Number of protein chains: 2
Amino acid sequence: MQPIKQKFQIEYTYSVFFTRNLFEISNTSLKDFFLDYQELGFQRKALIVIDQGFSAFYPQLEKQIKLYFKQAVPHIQLAPEIIYVPGGEASKNDPVLFDKLAEAVDIYGIDRHSFVIGIGGGAVLDLVGYAAAVSHRGIKLIRIPTTVLSQNDSGVGVKNGINFHGKKNFLGTFAPPVAVFNDLTLLNSLDDRDWRAGIAEAIKVALIKDARFFEWIEQNVVSLANRDETNMAYLIHRCAEMHTDHIAGGDPFEFGSSRPLDFGHWAAHKLEFLTNFEVRHGEAVAIGIALDCIYARRIGMLAENDLNRILDVLTALGFDLYHPKLSENDKINLRNGIQEFREHLGGRLTIMLLEEIGKGVEVHELDADLISLSVDDLENVQLHSAGAKVSQ
Amino acid sequence: MQPIKQKFQIEYTYSVFFTRNLFEISNTSLKDFFLDYQELGFQRKALIVIDQGFSAFYPQLEKQIKLYFKQAVPHIQLAPEIIYVPGGEASKNDPVLFDKLAEAVDIYGIDRHSFVIGIGGGAVLDLVGYAAAVSHRGIKLIRIPTTVLSQNDSGVGVKNGINFHGKKNFLGTFAPPVAVFNDLTLLNSLDDRDWRAGIAEAIKVALIKDARFFEWIEQNVVSLANRDETNMAYLIHRCAEMHTDHIAGGDPFEFGSSRPLDFGHWAAHKLEFLTNFEVRHGEAVAIGIALDCIYARRIGMLAENDLNRILDVLTALGFDLYHPKLSENDKINLRNGIQEFREHLGGRLTIMLLEEIGKGVEVHELDADLISLSVDDLENVQLHSAGAKVSQ
Ligand SMILES: NC(=O)c1ccc[n+]([C@@H]2O[C@H](COP(=O)([O-])OP(=O)(O)OC[C@H]3O[C@@H](n4cnc5c(N)ncnc54)[C@H](O)[C@@H]3O)[C@@H](O)[C@H]2O)c1
Ligand SMILES: NC(=O)c1ccc[n+]([C@@H]2O[C@H](COP(=O)([O-])OP(=O)(O)OC[C@H]3O[C@@H](n4cnc5c(N)ncnc54)[C@H](O)[C@@H]3O)[C@@H](O)[C@H]2O)c1
Ligand SMILES: [Zn+2]
Ligand SMILES: [Zn+2]
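Counting of residues starts from 1 at the beginning of each chain's written sequence and follows it residue by residue. Throughout, the order in which chains and ligands are written sets their labels, letters from A for the former and numbers from 1 for the latter. Residue-level local features of this predicted model are given only where pLDDT is at least 70; pairs of side-chain atoms are given and counted only at 80 or more, and the full residue set underlies all totals for whole chains, interfaces and linings. Remark: hydrogens and water are excluded; side-chain values derive from all non-hydrogen atoms of the structure.

### Description of the coordination of the zinc ion (ligand 4)
Residues and elements named next belong to chain B.
Phase 1: Counted as donors are N, O and S atoms no farther than 2.8 Å from the metal, or 3.2 Å for Na, K and Ca; water is not among the atoms, and sites may therefore look incomplete. Taken together, the protein donors to the zinc ion (ligand 4) comprise Glu201 (OE), His265 (NE2) and His281 (NE2), at separations of 2.0 to 2.2 Å.
Phase 2: Spacing between the donor residues of the zinc ion (ligand 4) along the chain follows E-x63-H-x15-H. Taken together, the positions of Glu201 in helix α8 (residues 192–209) and His265 in helix α12 (residues 265–274) put the pair 64 residues apart, joining distant regions of the chain. Secondary structure counts use DSSP, requiring at least four H or I residues in a row for a helix and at least two E residues in a row for a strand, with both numbered from the N terminus.

### Observations regarding the interface of chain A and chain B
Phase 1: Contacts between chain A and chain B engage 71 residues on the former and 70 residues on the latter.
Phase 2: A buried area of about 6600 Å², summed over both sides, lies between chain A and chain B, and 58% of it is on carbon and sulfur atoms.
Phase 3: Whenever a carboxyl oxygen of Asp or Glu lies within 4 Å of a side-chain nitrogen of Lys or Arg, that contact is scored as a salt bridge. Counting every contact that joins chain A to chain B gives three salt bridges.
Phase 4: With its nearest N and O atoms 3.2 Å apart, the salt bridge here joins Asp106 of chain A to Lys167 of chain B.
Phase 5: Pairs of N or O atoms are called polar contacts if they sit within 3.5 Å, as long as, within protein, a hydrogen donor faces a hydrogen acceptor (for residues adjacent in sequence, only side-chain-to-side-chain pairs). Scanning the region where chain A abuts chain B turns up 25 residue pairs in polar contact (both at pLDDT 80 or more).
Phase 6: Counting residues per element, the ones that place at least two in the side of chain A that touches chain B are β1 (4–19), α5 (95–107), α6 (122–134), β8 (167–171), α11 (229–249) and α15 (332–345) of chain A. Any pair of residues with heavy atoms lying within 4.5 Å of one another is described as a contacting pair. Buried area, as used here, totals the accessible surface that two parts lose on assembly, with accessibility defined by a 1.4 Å probe and the loss added over both.

### Brief notes about α11 of chain A
Phase 1: Over its 21 residues, α11 of chain A runs 30 Å from end to end, which matches the ideal 30 Å to within 8%, given 1.5 Å per residue.
Phase 2: One side-chain oxygen at the N-terminal end of α11 of chain A lies 3.2 Å from the backbone nitrogen of Thr230 of chain A; it belongs to Asp228 of chain A. Take the number of residues in a helix, subtract one, and multiply by 1.5 Å to get its expected span.

### With respect to the relation of the copies chain A and chain B
Phase 1: Overlay of chain A on chain B (RMSD 0.0 Å): rotation 180°, translation along the axis 0.0 Å. Expressed as a symmetry operation, the mapping of one chain copy onto the other fits a two-fold axis. Among all C-alpha atoms of chain A, that of Ile10 of chain A lies closest to the rotation axis, at 2.7 Å.
Phase 2: A share of 99% of the interface residues of chain A reappears at the interface of chain B, consistent with the copies meeting face to face through the same patch. Alignment of copies: least-squares fit on C-alpha atoms of residues with pLDDT of at least 70 in both copies.

### Here's the deal with the site of ligand 2
Residues and elements named next belong to chain B.
Phase 1: The environment of ligand 2 is formed by 24 residues, the closest being Asp51, Gly122, Thr146, Thr147 and Lys168.
Phase 2: In the environment of ligand 2, an oxygen atom lies 2.9 Å from a nitrogen or oxygen atom belonging to the side chain of Lys92.
Phase 3: A distance of 2.9 Å separates a nitrogen atom of ligand 2 from a polar side-chain atom of Asp126.
Phase 4: Note that accessible areas follow from Shrake-Rupley with a 1.4 Å probe, and for residues the cover is restricted to the protein chains shown. In isolation ligand 2 has 870 Å² of accessible area, and contact with the protein removes 89% of it.
Phase 5: Those elements that provide at least two residues to the shell around ligand 2 are α2 (52–55) and α6 (122–134).
Phase 6: Classification convention: Asp, Glu, Lys, Arg as charged; Ala, Val, Leu, Ile, Met, Phe, Trp, Tyr, Cys, Pro as nonpolar; all other residues, Gly among them, as polar. Of the residues belonging to the shell around ligand 2, the class tally is six nonpolar, 10 polar and eight charged. Being near a molecule or strand, for a residue, means having at least one of its heavy atoms within 4 Å of it.

### Side note on the coordination of the zinc ion (ligand 3)
Phase 1: Distances from the zinc ion (ligand 3) to its protein donors, Glu201 of chain A (OE), His265 of chain A (NE2) and His281 of chain A (NE2), fall at 2.0 to 2.2 Å.
Phase 2: A simple rule labels every residue: compare its accessible area, found with a 1.4 Å probe on the protein chains alone, to the largest value its type can have, and call it buried under 20%, exposed over 50%, or partly exposed in between. We classify His281 of chain A as partly exposed; its relative accessible area is 21%.

### Regarding the UniProt feature "domain: 3-dehydroquinate synthase C-terminal" (unreviewed entry) in chain A
Phase 1: UniProt's entry tags residues 198–327 of chain A with the feature "domain: 3-dehydroquinate synthase C-terminal" (unreviewed entry), counted in the numbering of this structure.
Phase 2: Secondary structure over residues 198–327 of chain A splits into 68% helix and 0% strand, and the C-alpha atoms at its two ends are 25 Å apart. UniProt positions are given in the numbering used here, feature names are shortened, and annotations may be inferred rather than shown by experiment.

### Brief notes about the packing of helix α12 (residues 265–274) of chain A against α15 of chain A
Residues and elements named next belong to chain A.
Phase 1: Note on geometry: axes are lines fitted to C-alpha atoms, helical ones only across the stretch in contact, with angles between N-to-C directions running from 0 to 180 degrees. Closest axis-to-axis distance for the α12/α15 pair is 9 Å, and the angle between their directions is 120°. By the criterion of interaxial angle, the relationship of α12 to α15 is oblique. Two packed elements cross with a definite hand, and for α12 against α15 that hand is right-handed. Between α12, through Trp266, Lys270 and Leu274, and α15, the contact on the second element is made entirely by Asn333, Leu334, Asn336, Gly337, Ile338, Glu340 and Phe341.
Phase 2: Across the contact of α12 with α15, the residue classes break down as five nonpolar, three polar and two charged. Any angle from 65 to 115 degrees is called roughly perpendicular, while one under 35 is roughly parallel, one over 145 is roughly antiparallel, and all others are oblique. A clockwise turn of the near helix away from the far one marks a right-handed crossing, whereas an anticlockwise turn of less than a right angle marks a left-handed crossing.

### Thoughts on the site of ligand 1
Residue and element names in this part refer to chain A.
Phase 1: Not every one of the 24 residues close to ligand 1 is listed here, only the nearest: Asp51, Gly122, Thr146, Thr147 and Ser189.
Phase 2: In the model, an oxygen atom of ligand 1 is placed 2.9 Å from a nitrogen or oxygen of the Glu89 side chain.
Phase 3: Here an oxygen atom of ligand 1 and a backbone polar atom of Gly122 are 2.7 Å apart.
Phase 4: Notes on ligand 1: free accessible area 860 Å², of which the protein chains cover 89%.
Phase 5: At the level of elements, α2 (52–55) and α6 are the ones that each hand at least two residues to the shell around ligand 1.
Phase 6: The greatest single-element share of the shell around ligand 1, amounting to three residues, is contributed by α6.
Phase 7: Considered class by class, the residues forming the shell around ligand 1 number six nonpolar, 10 polar and eight charged.

### Things to note about the side chain of Ser91 of chain A
All names here are of chain A.
Phase 1: Tracing the backbone through its elements, the reader meets Ser91 in helix α4 (residues 90–93).
Phase 2: Side-chain polar atoms of Ser91 contact the backbone oxygen of Gly88, separated by 2.7 Å.
Phase 3: The contact partners of Ser91, leaving out residues within four places of it in the chain, are Pro86, Leu97, Ala123, Val124 and Leu127.

### Side note on the UniProt feature "domain: 3-dehydroquinate synthase N-terminal" (unreviewed entry) in chain A
Phase 1: Summarizing the sequence annotation, UniProt attributes the feature "domain: 3-dehydroquinate synthase N-terminal" (unreviewed entry) to residues 83–196 of chain A in the numbering used throughout.
Phase 2: Its end C-alpha atoms 28 Å apart, residues 83–196 of chain A is made of 35% helix and 25% strand.

### Details of the pairing of strand β10 (residues 351–356) of chain A
Residue and element names in this part refer to chain A.
Phase 1: Strands were regarded as paired on the criterion that DSSP finds at least two bridges between them. Alignment of β10 against strand β11 (residues 359–363), held across five bridges, turns out to be antiparallel. Along β11, the bridge assignment pairs Leu354 with Gly360.
Phase 2: Following β10, the chain reverses through two residues before pairing antiparallel with β11; Gly358 in that reversal takes a positive phi of roughly 95°.

### Examining the packing of α12 of chain A against helix α13 (residues 281–298) of chain A
All names here are of chain A.
Phase 1: Two numbers describe how α12 lies on α13: the axes approach to 7 Å, and their chain directions differ by 135°. In terms of axis orientation, α12 runs oblique to α13. The crossing of α12 and α13 is right-handed. Across the interface between the two elements, His265, Trp266, Ala267, Ala268, His269, Leu271 and Glu272 from α12 touch His281, Ala284, Val285, Ile287, Gly288, Leu291 and Asp292 from α13.
Phase 2: Split into classes, the residues belonging to the contact of α12 with α13 amount to eight nonpolar, four polar and two charged.

Printed below as a string of structure tokens:
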């Protein structure tokens with residue numbers, strides 16, 4: 001009997017909105033969005049899940065949100081309870097939290113025409129997105145990211161996930177949101193580490209794709225380090241745009257094994273793990289970028305001047321470019337990191353390196369000894385720049 | 001700042017192959033399929049998960065599979081362990097089994113370029129499909145369905161799922177397989193109940209879409225009941241084809257709320273639940289079809305002659321058309337069933353009813369009192385046909 005050949009396409013669309021004071025009654029972003037979801041005979045609901053590490057800074061938030069929905073979006077029924085989850089990696093490590101969200105979806109009758117709204121950093125959004133994606137085979141997800149990293153990178157993309165038996169993002173799906181609302185004012189409460197960490201992803205995407213954007217970061221590095229809001233708004237918008245363009249233009253659900261946006265990430269993942277996530281993702285990415293650029297310089301791929309410009313920007317932002325865990329066990333850990341990344345990709349290593357600022361190129365081998373030497377270089381750079389800081 | 005508008009499409013393709021004796025060395029179906037996955041530098045792996053209720057009938061299966069892969073597909077590395085899970089709804093009820101599969105994916109290094117191969121009935125395939133879909137955000141899934149229902153319906157589609165806190169299919173995703181292999185010879189060991197149950201889905205799809213297919217079933221009803229293989233092969237192929245066509249032509253990931261393929265299913269779901277899944281899905285669907293057709297007759301939508309033809313076919317196949325649980329609690333359970341289905345769809349009820357054989361039509365209301373009367377009718381039909389059986 002003839003085989004049956006199946007073939008179909010699924011289209012996804014969503015918008016990323018940029019705003020301030022999202023929950024003030026005068027702000028119509030959310031109200032306008034929900035106008036599209038007003039069919040007769042449907043009672044759509046919304047379940048809100050909030051990052052506790054974030055909400056601690058906004059004691060009036062819950063009251064404000066409830067008032068906003070009551071007045072501006074009366075046709076959407078808020079679940080009677082707002083769910084709070086711990087912020088940061090803890091939210092992705094504890095399977096009980098996933099169960100709690102799935103239970104809330106069940107108890108409050110959140111169906112596939114209703115919404116789950118996640119408010120928080122990248123970790124909480126990853127958890128909430130995963131729970132929404134698999135409950136009833138997918139509930140509409142709205143993301144309200146509250147960190148630089150989640151506003152310019154993770155929160156505007158299509159991935160979610162939680163950790164499983166200590167394995168980072170082991171469980172997850174590709175599940176685009178129906179909308180993302182980036183509220184700049186929510187970033188005020190971030191500590192300097194998280195403000196800075198998110199900038200690493202912008203540098204990453206600039207380095208592999210857009211030399212002019214890198215120059216802009218270079219020129220504004222002092223004001224970015226000093227938390228200038230206007231420049232941060234631009235940086236987030238441009239970075240989010242490059243991420244979403246990349247996703248749409250390439251392989252959104254990563255069926256292939258090329259991962260340009262993972263530039264600087266193989267070592268970063270290993271370092272996050274080795275430090276038990278005490279080093280933030282963005283901080284680890286900054287180190288990963290520095291390491292791979294030094295490596296590219298060592299193999300003659302990247303010019304010295306380009307390398308120095310990159311290291312200078314990272315240092316000026318206040319990033320540490322070395323961590324003792326990189327040298328631990330005679331760097332065997334880092335060698336394993338390459339191996340793990342290779343396995344993760346299915347046996348063939350594909351790593352993005354830099355040819356020049358704004359231009360990445362994929363390679364399929366890394367020399368472990370040269371990586372070791374590059375780590376030594378990083379340690380020297382760090383010593384040197386610490387000295388520089390002291391002598392200023 | 002301008003919103004960013006994201007838009008992209010994902011294309012899915014897969015084939016459903018029809019064969020006999022899949023794991024005999026002379027059968028090249030699997031071998032041919034895997035030829036497409038032979039790039040240099042990749043070591044693809046495969047993890048096999050088998051339904052114990054099925055494998056109990058095939059003591060040589062594991063040996064045969066291992067030999068087949070060794071000889072015919074040497075470039076794919078089988079995980080050293082084949083995983084067995086209990087068959088039937090038990091596999092979807094126990095969260096420990098999901099964890100066991102995710103762990104196996106981890107332990108045996110099954111990455112996104114490798115395969116998970118599920119062999120079993122619809123329940124086991126739903127579990128395996130879910131575990132594969134969320135591990136590493138999606139591992140390639142091959143389904144080898146071993147029941148009539150999974151070969152003609154669930155196994156060729158795009159859905160998976162497990163139960164959560166007693167809620168059927170509460171956790172799941174839409175995740176197309178990369179291939180489906182329907183081996184007719186595997187159906188020999190099915191008991192009569194499971195042989196028959198799967199035919200209900202063929203009747204369902206014939207009734208709403210293809211009068212000629214229904215006539216064919218009518219004409220061959222005796223030989224189908226007597227387990228004629230050739231006719232079953234045709235029934236499965238045609239039903240699978242109609243399912244896959246429907247998926248591709250419509251709304252594959254069910255973003256809307258129209259669910260034509262759920263004809264006869266609202267009462268079926270409730271009945272499965274009320275009987276703690278002692279009534280098989282297909283058996284419950286047969287009752288659900290009969291109920292909704294009697295209802296359609298009562299409201300003057302369906303002609304009496306059509307109704308009788310439908311009830312005759314179901315009865316001739318040996319289906320019970322009534323279950324005492326339908327009348328329990330003065331039919332309040334069934335009223336709740338309508339309400340639950342409404343909530344499941346997001347507040348607006350959309351139920352497929354029959355206008356004539358081969359032509360479904362959607363309605364948005366069901367009259368609970370008429371449903372009650374239709375249940376009484378079912379009980380009478382059942383008494384009558386039981387009498388008829390006895391008097392034969
Ligand atoms: N899904 C993706 O595509 C993707 C991409 C990159 C990173 N990630 C994930 O994102 C996570 C990192 O996200 P992150 O960098 O946003 O950090 P985070 O979510 O770990 O948050 C860091 C800390 O900031 C707190 N916080 C959040 N918003 C705040 C605010 N406005 N004011 C004060 N404190 C606030 C949190 O409670 C937490 O303690 C990692 O788990 C990483 O794996 C996902
Ligand atoms: N994903 C979908 O789109 C979809 C659609 C319809 C139904 N389903 C699900 O499918 C499940 C029902 O599947 P099913 O009807 O295939 O039954 P099943 O998977 O429950 O299997 C019934 C019994 O038959 C045994 N079995 C399987 N193959 C056998 C064989 N060849 N010989 C002897 N015994 C065998 C099993 O071990 C089990 O005990 C339900 O959980 C239902 O929700 C899913
Ligand atoms: Zn990153
Ligand atoms: Zn069904």
